[in-house]
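Coordinates in review
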Amino acid sequence: MKVRPSTKIAIGFATLLAVGFGGSKLYTQFRLSGVKLDPILSEDFCLVAISEEAKVKILSVNRMVQIVEASDDFKSSGSGGGGGADSGSIKARVPMKELLAILDGDAEGTTGLLYKLAKKENTEEPSEEAPIWSTADAEKALAGDPVLKAKLESDLNVSLDGKLPAKLNRTAFYHGIRLKVPITFDISNASGKPVQGFNTVPLKSKAMSSLYKELESKFLDADALDRFYAEYVAKNEGKSAENPADLIKSLLASGAKGEGYRKAINILKHAQVITNRKMIEGAEVTEVNSGKESSYDLSIHLTDEGAARLWKFSSEHPNTKIIVVSKKVPIAAATVGTQLNSKELVIKQIADKTLVQEAVDLVKSR
């Protein structure tokens, strides 16, 4: 399908030039009637389109592009993507590498995406030192398997009925465990099949969390830590006010489909790789000196297929967000309030020269 090559579209954080629709709505529908927006692999350079329904916001932070999940009452301004949120509170950053992995059909992105979107303030990422428990082994332990039950209680440093052992397991104190729960993303992706991965959920017993919080500002050697633990056990009469078995059962029953999963599904359903490197004919960078400091304009030349796909997505999804991704890193983005009917995109006012030059070199190396 041929798309008019003449119109240039400029998109950027501070500048957004309007472009004509190329005719009536009926004309647009006619021209795009044969265009299929089938999922494609992201490869090492791509344009990602995210519609307004995903409820995300584009920010420029320390000369870098970030995609963040916004509150439910967030409404897109329909203009450039720079600066803070126009309305609604920002909740979590959307990791582009993991998002693209799932859109590619790769399950490796599931744990990272779910953790980032579910992360609460001041929480830590699951420790690599924490023992991993599969769903099958956890269920066997809960069912009374003597070996696995004893191991789970040791890893949590509390029995399944809430009793504290006499000796402290330092790994449980510092790291807890990681519960590996199977999870499925039944969304459109390049593999053509549901993405079946795992949500790795950090879990620490309430007793260990309480003790760790009490001692986190102290610098204790092993002997001092053991003494504090002995005092903690004595003070609580060897009993913790918790039931680890119920917590684990709840996590397994829910399939770990909590807040992070709901956010991830909504974003994934409204995000798509529009063009990859096969649909980009060339790219150039131009330095722009405004008198204060230089910025950089990135020109991307699309194939007919790439331009048609971008036109179709933007025509069907007003206030589309377009993100330029190089080596899984978002380097430029904008919110576009009109249809993108062109073979050339000019993304203006990019702050980081190194990132944009690496992107251009990557396209030219094809």
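Attention here is on the structure that accompanies the text. (Residues numbered from 1 in each chain as written. Predicted model: local features only at pLDDT ≥ 70, side-chain atom pairs only at ≥ 80, totals over all residues. Heavy atoms only, no water.)

Points about helix α8 (residues 222-235)
- Taking 1.5 Å of rise per residue, the 14 residues of α8 would be expected to cover 20 Å, and the 20 Å separating its terminal C-alpha atoms lies within 8% of that figure.
- Buried within α8 we find A224, L225, Y229, Y232 and V233.
- Considering only its buried residues, α8 is in contact with α6 (170-174) and α7 (206-215).
- Two or three places before D223, at the opening of α8, D221 has a side-chain oxygen 3.3 Å from that residue's backbone nitrogen.
- Where α8 terminates, the next one or two residues include E237, which has phi positive at roughly 55°. (Helix = DSSP H or I, 4+ residues; strand = E, 2+ residues; numbered from the N terminus. Expected span 1.5 Å × (residues − 1). Buried < 20%, exposed > 50% of the residue type's maximum accessible area, 1.4 Å probe, protein only. Contact = heavy atoms within 4.5 Å. Polar contact = N/O pair within 3.5 Å; in protein donor to acceptor, adjacent residues only side chain to side chain.)

Structural notes on the packing of aromatic side chains
- On inspection of all chains with the given rule, the structure shows four aromatic pairs.
- For the pair F173 and Y174, a centre-to-centre distance of 4.8 Å together with 75° between the ring planes defines the contact as edge-to-face.
- Grouped by ring-pair contacts, the aromatic residues F173, Y174 and Y212 constitute a single cluster.
- Cation over ring: K180 sits above F198, and NZ or CZ is 4.7 Å from the ring centre.
- Sitting over the face of the ring of Y212, K204 holds its NZ or CZ atom 4.3 Å from the ring centroid. (Phe/Tyr/Trp six-rings, centres within 6.5 Å; stacked < 30°, edge-to-face > 60°. Lys NZ or Arg CZ within 6 Å of the ring centre and 35° of its normal.)

Here we look at the pairing of strand β10 (residues 280-289)
- Direction of pairing for β10 relative to strand β11 (residues 294-302): antiparallel, over a ladder of nine bridges. Bridge pairing links N289 to S294 in β11.
- In this antiparallel pair of consecutive strands, β10 and β11, the connection spans four residues, and G291 shows a positive phi of 105°. (Pairing = 2+ DSSP bridges.)

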